[in-house]
Amino acid sequence: MALGPSRFIRVGETLYPHEEEGVAFVRDALPNNDPYQAWALFELPDPRTGRLLEIDMLVMGYSALYLLELKAHPGRISGDATDWYWQPPDGEGRKVWIDPPLRLANLKAKILKTRLRQIIRAEEEVPYIQPLVFLSNAEVINDLRADGRLAVVTRDELRDALLKHRYAGAPPGWVGHRVSAPQVQA
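Going along each chain's sequence as written, the residues are numbered from 1 onward. Where totals are concerned, whole chains, interfaces and linings use all residues; where local detail is concerned, this predicted model gives features only for residues with pLDDT of at least 70, and gives and counts side-chain atom pairs only at 80 or more. In computing side-chain properties, one takes all heavy atoms of the structure into account and sets aside hydrogens as well as water.

Colleague: What is the right way to look at the pairing of strand E2 (residues 37-45) in this model?
Modeller: On a regular strand, each side chain points to the face opposite its neighbour's, so the side chains alternate between the two faces of the sheet. Think of it in three bands: residues with accessible area under 20% of the maximum for their type are buried, residues over 50% are exposed, and the middle band is partly exposed, with areas taken using a 1.4 Å probe on protein chains only. To qualify as a helix, a DSSP run of H or I must reach at least 4 residues; to qualify as a strand, a run of E must reach at least 2; elements of each kind are numbered from the N terminus. Within E2, 7 of the 9 residues are buried, which leaves it mostly tucked inside the rest of the structure. Bridging between E2 and strand E3 (residues 52-60) involves 8 bridges; their strand directions are antiparallel. Across the sheet, the residue bridging to Pro-45 is Leu-52, located in E3. Counting the residues in the hairpin turn of E2 and E3 gives 6 residues, including Gly-50, whose phi is positive at 80 degrees. By this definition, two strands are paired if DSSP reports at least two bridges between them.

Given below as structure tokens:
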């Protein structure tokens, strides 16, 4: 069942069709019941630097708040935790170096956690925040080595990540507690 309009909050707009497609795919992958909610395309101010950080999507899952960094590269993504390489689908283009997006997503998650702690005084009401990199292109080939796959999901893996906290690098034996209504409201 698709996420109803009341549970999906569009904050910003995008000029890029690939971002719009990725956001729509995430929205359609979520159930239409509590605690699932999603916010897309907004900016998070970093109080330390004054810099505005772009948030592609924030998804309230069953037991965590997921900060999604959408990457829509078609073709092959290879590399490790330090270096990513993108090769276009025609295979004729040379590999292009890409900074692995998990580092930036992790920084955004930490800043968000700090900001939420300032607003939500009760520590137990601040949800666990997990950064995830979502390779949103339907034709992407994920050829990352094991250390490069940490917290990286494709379309086939997205639903399990958001609903069951299952993805490469997820804590083994994760027993998440359902996010409460006060947490979602906060």
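Colleague: I keep staring at the pairing of strand E6 (residues 84-87) and nothing clicks. Help me out?
Modeller: Sheet analysis places strand E5 (residues 76-79) next to E6, joined by 4 bridges and oriented antiparallel. In the strand pairing of E6, Ser-78 is matched with Tyr-85. Remark: 4 residues form the turn of the hairpin made by E5 and E6, two consecutive strands paired antiparallel. Sheet topology places E6 next to strand E7 (residues 96-98); 3 bridges connect them, and they run antiparallel. For Trp-86, the partnering residue across the bridge sits in E7 and is Val-96.

Colleague: Looking at this model, I keep getting lost on the packing of aromatic side chains. Mind explaining?
Modeller: For any two aromatic rings, the description comes down to two numbers: the centre-to-centre distance and the angle of the planes. Classification of ring pairs uses Phe, Tyr and Trp, with its six-membered ring standing for Trp, and accepts pairs whose centres are within 6.5 Å; under 30 degrees between planes counts as stacked, over 60 as edge-to-face, and the remaining range as tilted. One pass over the full model with this rule turns up 1 aromatic pair. Here, over-ring charges are defined by two tests on the NZ atom of lysine or the CZ atom of arginine: distance to the ring centre within 6 Å, and angle to the ring normal within 35 degrees. Sitting over the ring of Phe-25, Arg-155 keeps its end group 4.4 Å from the ring centre.

Colleague: Please clarify how the confidence of the model for the protein chain should be interpreted in this entry.
Modeller: When pLDDT is low, close inspection of the predicted coordinates is not appropriate. Mean pLDDT over the protein chain: 88, with 91% of residues reaching 70 or higher. Confidence of the predictor in every single residue is expressed as pLDDT, which spans 0 to 100. Pairs of residues are marked as contacts when any of their non-hydrogen atoms sit within 4.5 Å. Predicted confidence for residues 1-6 stays below pLDDT 50, and this span has 15 contacts to residues more than four positions away or in other chains.

Colleague: Quick question: what am I supposed to make of the packing of helix H1 (residues 17-29) against helix H3 (residues 155-164) here?
Modeller: The packing of two helices is summarised by the inter-axis angle and the distance between the axes. For every element, the axis is a line fit to its C-alpha atoms; helices are fit only across the contacting stretch, and the angle between N-to-C directions ranges from 0 to 180 degrees. Taken N-terminus to C-terminus, the directions of H1 and H3 make an angle of 50 degrees; their axes are 10 Å apart at the nearest point. The orientation of H1 relative to H3 falls into the category oblique. Relative to H3, H1 is oriented so that their crossing is right-handed. Residues Glu-21, Phe-25, Val-26 and Ala-29 of H1 pack against Arg-155, Leu-158, Arg-159 and Leu-162 of H3. Partitioning the contact of H1 with H3 into residue classes produces 5 nonpolar, no polar and 3 charged. An angle counts as roughly parallel when it lies under 35 degrees, as roughly antiparallel when it exceeds 145, as roughly perpendicular when it falls between 65 and 115, and as oblique in every other case. Each crossing is labelled by how the near helix is turned from the far one, with a counterclockwise turn of less than a right angle marking it left-handed and a clockwise turn marking it right-handed. Charged residues are taken to be Asp, Glu, Lys and Arg, nonpolar residues to be Ala, Val, Leu, Ile, Met, Phe, Trp, Tyr, Cys and Pro, and polar residues to be all remaining types, Gly included.

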